[in-house]
Amino acid sequence: MSKVCDNYTPEMQLRDLILANPDLPLVPFCSEECGNPDYGIVMCEFRWCRVDEWAVSPYNKERIVFKSDEFEEFWEVAECDRYEDVSEEQARSVWDAIEWQKAIIVEIDGM
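What comes next is a walk through the structure. A quick note: this is a predicted structure, and the numbers were derived from the prediction, not measured. Along each chain, numbering runs from 1 in the same order as the chain's sequence is written. Only residues with pLDDT of at least 70 get local features here, since the model is predicted, and only at 80 or more are side-chain atom pairs given and counted; chain-wide, interface and lining totals rely on the full set of residues. Side-chain measures were taken over the full set of non-hydrogen atoms in the model, leaving aside hydrogen atoms and water.

Topic: the nonpolar core
Just so we agree on the cut-off: Each nonpolar core is a collection of buried residues, namely Ala, Val, Leu, Ile, Met, Phe, Trp, Tyr and Cys, held together in the definition by side-chain atoms within 4.5 Å. Only protein chains enter the calculation, and the probe is 1.4 Å; a residue is then buried if its accessible area is under 20% of its type maximum, exposed if over 50%, and partly exposed in between. Counting from the N terminus, the helices are the DSSP runs of H or I reaching at least four residues and the strands are the DSSP runs of E reaching at least two.
Judged by nonpolar contacts, Ala55, Tyr59, Val65, Phe71, Phe74, Ala78, Val86, Ala91, Trp95, Ile98 and Trp100 together constitute the single largest core of 11 residues. Among the elements that take part in this core, helix α2 (residues 71-82) stands out by supplying three residues, more than any other.

Below you can see the structure in the form of structure tokens.
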């Protein structure tokens, strides 16, 4: 179990976020290390949690974007996903049109 500080663990932070935001869905995001085709169940580790807004990237349906990320990062990744130059104006109009979903985000990673 990792700790944020000496006495406040990520699990305690998650509890506090759920109590403070009872109407928000809890959305776990798991790294690729969590999946193992040899086993049906894999032990993982809870890394962090936060309230954020997320969406599937309009440029790459396999990528998740978070509203807390910088627009510049989204623009840079958009160019990689499209394999072509994307103007700042094009990327900004896509960013502004994203339908964000607010949730308690939990990151889970392999051990």
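That covers the picture; the talk isn't over yet.
Digging into the packing of aromatic side chains
For clarity, the threshold we go by: Classification of ring pairs rests on two measures: the distance between centres of Phe, Tyr or Trp rings, Trp counted by its six-membered ring, which must be within 6.5 Å, and the angle between planes, read as stacked under 30 degrees, edge-to-face over 60 and tilted in between. Look at NZ for Lys and CZ for Arg. If either is within 6 Å of the ring centre and within 35 degrees of the ring normal, a charge sits over the ring.
All chains considered together, the criterion is met by six aromatic pairs. Arranged with centres 6.0 Å apart and planes meeting at 75°, the rings of Phe71 and Trp95 form a pair that is edge-to-face. Residue Phe71 is found in helix α2, and its partner Trp95 is found in helix α3 (residues 88-97); the two are separated by 24 residues along the sequence. Considering the side-chain rings of Trp95 and Trp100, the 5.0 Å spacing of their centres and the 70° angle between planes classify their relative orientation as edge-to-face. In this structure, Trp95 and Trp100 share a single accessibility class: buried. The structure contains a cluster of three or more aromatic residues connected by ring pairs, namely Phe71, Phe74, Trp95 and Trp100. Note that Arg50 overlies the ring of Phe66, its terminal NZ or CZ placed 4.9 Å from the centroid. In this arrangement the basic side chain of Arg92 is found over the ring face of Phe71, its NZ or CZ atom lying 3.7 Å from the centre.

Considering the pattern of salt bridges
Definition in use: Any carboxyl oxygen of Asp or Glu that lies within 4 Å of a side-chain nitrogen of Lys or Arg is treated as forming a salt bridge with it.
Throughout the structure, instances matching the rule amount to five salt bridges. Of the charged contacts in the structure, one is a salt bridge between Arg15 and Asp16, with a shortest N-O distance of 3.0 Å. Close ionic contact of Glu45 with Arg47 constitutes a salt bridge, the shortest N to O distance being 3.5 Å. The class for Arg47 is partly exposed, based on a relative accessible area of 33%.

Comments concerning the sheet that holds strand β3 (residues 64-66)
Our working definition: The criterion for strand pairing is that DSSP finds at least two bridges linking the strands in question. Note on geometry: axes are lines fitted to C-alpha atoms, helical ones only across the stretch in contact, with angles between N-to-C directions running from 0 to 180 degrees. Here, residues are in contact when the closest pair of their heavy atoms is within 4.5 Å.
Strand order in the open sheet made by the four strands is β1-β4-β2-β3, with mixed pairing throughout. Each edge of the sheet is formed by a strand with only one pairing partner; in this case those strands are β1 (26-30) and β3. Along the sheet, successive strands turn relative to each other by an average axial angle of 50°, direction set aside. Both strand β2 (residues 44-56) and β3 contribute to a ladder of three bridges, which runs antiparallel. Directly across from Trp54, in β3, lies its bridge partner Phe66. On the sheet, helix α1 (residues 10-20) packs against β1, β2 and β4 (101-110) and is oriented at approximately 35° with respect to β2.

Let's talk about the pairing of β1
Here β1 shows one buried face, formed by Val27 and Phe29, and one open face, formed by Leu26, Pro28 and Cys30. As paired elements, β1 and β4 share five bridges and run parallel to each other. Directly across from Leu26, in β4, lies its bridge partner Ile104.

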